[in-house]
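If you want the building blocks of each chain, they are given just below.
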Amino acid sequence: MKVLVIGGGAREHALCRSLSLDPDVTALHCAPGNAGIAEVAELHPVDALDGAAVARLATRLEAGLVVVGPEAPLVAGVADAVRAAGIPCFGPSREAAVLEGSKAFAKDVMAAAGVPTARSYVCTTHDEIDAALDAFGAPYVVKDDGLAAGKGVVVTADVEQARAHARSCDRVVIEEYLDGPEVSLFAITDGTTVLPLTPAQDFKRALDDDEGPNTGGMGAYSPLPWADPKLVDEVMASVLQPTVDELRRRGTPFQGLLYAGLAITSRGVRVIEFNARFGDPETQVVLARLRTPLARVLLHAANGTLDSEPPLTWRDDAAVTVVVASHNYPGTPRTGDPIEGLDEVAAKDAPHAYVLHAGTRRDGDAVVSAGGRVLSVTATGKDLAQARERAYAAVGRIRLDGSQHRTDIARKAAGE
């Protein structure tokens, strides 16, 4: 099978790494990719938001499967264009991807499907915003209704900060605060059958001890030793399957990766948000533990034949990923800084630890930073403590001027 992956971040590098290890994959392509992905896939320039251009590229490459990584191309309808060209595509249609593209739409789907979530108000005027903030009180949870690259959410006890963020959005969802730890659970679906992956936990705040602003994610780990063993079955029954069934009932079946961001509250599991694609950085740790070859599963989902796929199998190993971010992230990042130490990690830490590239590019012989989140340093081990130790040892070999990373990823879960 020839596979084309669309995107250029650490999520796509994780996907490409897993696909490159799959014996069914005879040729692996990525567009536009990055400096790290170039080591496992052939790169091609493309406007990832241009469905016609992506479909032309897939046709020229004679791809047997296209995997769309990021949310923006999905919301732009790239998967529809690829399928219209007669090529199987892993990723939801434009209509189904609205589940991530509009938080208000997601709330409507959840209400219809009976999925447990936070009470909320959708606001478009200053008066509506003020009334919603007054109704819920602190801590305030304010979400931009549209795509915001994981940074459109403000959780704060400061009503003025909450009000300012709400007023900066065209349409905003204000909801009750959900207590308890957060869990990310992915599921692969063909629109009918749902195949859950293993849970992970990510770290959204920029700084240690969950301080600082929200980011796209600063690290993740899996498995979750503290989670109820029945969690996946419960979420399948109360969240994932009902959501897939409701979207199919509406005539917009969801084929691809359904991501449920969950809060394990004192009143039970509640959905914080849905995404329409693999989450970053959770994908890095989930795929590190997946034993089942990936390409066949994604192809079955794209072709509507997922019911023929047995349950996924997992390694016993734990996995931890630590994001190395550029100076000033999540503000406007500094780019173009050389990254050193990558060869050192490959020589001294493989195969237990490796570097997945997020925002990087080639500049002559050098690899330089090209985004806010630059690298995801990922490691496996017999338990979280060993995986964490290996990940941070590899992080210590990397040199990037002004870079930042959290030092507490998986620390509590590892019992440290």
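It should be emphasised that the depicted structure is a prediction, and the values quoted were computed from it without experimental measurement.

Caption draft 1: Here's a closer look at the layout of surface pockets. Put simply, the second largest pocket is a space of about 520 Å³. Forming the walls of the second largest pocket are 26 residues, and the residues nearest its centre are Glu39, Leu342, Ala346, Val355 and His357. Within the residue set of the lining of the second largest pocket, elements represented by two or more residues are helix H1 (10-20), helix H12 (342-348), strand E19 (353-357) and strand E21 (366-369).

Caption draft 2: Representation of the pairing of strand E14 (residues 211-214) in the model. One ladder, built from two bridges, connects strand E13 (residues 205-207) with E14; its direction is antiparallel. If you follow Leu207 over to E14, its bridge partner there is Glu211. Remark: three residues form the turn of the hairpin made by E13 and E14, two consecutive strands paired antiparallel; Asp209 in that turn has positive phi of roughly 60°.

Caption draft 3: Main features of empty space enclosed by the protein. On inspection of all chains with the given rule, the structure shows two cavities of 30 Å³ or more. Taken as a whole, the largest cavity spans an internal volume of roughly 80 Å³. Breaking the lining of the largest cavity down by element, the ones donating at least two residues are helix H5 (94-101), helix H6 (103-113), strand E9 (172-175) and strand E17 (268-275). Broken down by element, the residue count for the lining of the largest cavity peaks at four residues, all from H6. A per-class count over the lining of the largest cavity returns six nonpolar, no polar and six charged. Roughly 40 Å³ of internal volume is contained in the second largest cavity. Considering the residues around the second largest cavity, the lining is formed by Ala14, Arg17, Ser18, Gln284, Leu287, Ala288, Tyr354 and Leu356. For the lining of the second largest cavity, the secondary structure elements donating two or more residues are H1, helix H10 (282-289) and E19.

The rules we used
Residues numbered from 1 in each chain as written. Predicted model: local features only at pLDDT ≥ 70, side-chain atom pairs only at ≥ 80, totals over all residues. Heavy atoms only, no water. 1 Å grid on protein atoms, 1.4 Å probe; cavity = no way out; pocket = protein on both sides within 12 Å on 5 of 7 lines; lining within 4 Å. Points joined across faces, edges and corners; volume = space filled by probe spheres on them. Helix = DSSP H or I, 4+ residues; strand = E, 2+ residues; numbered from the N terminus. Pairing = 2+ DSSP bridges. Nonpolar A, V, L, I, M, F, W, Y, C, P; charged D, E, K, R; others polar.

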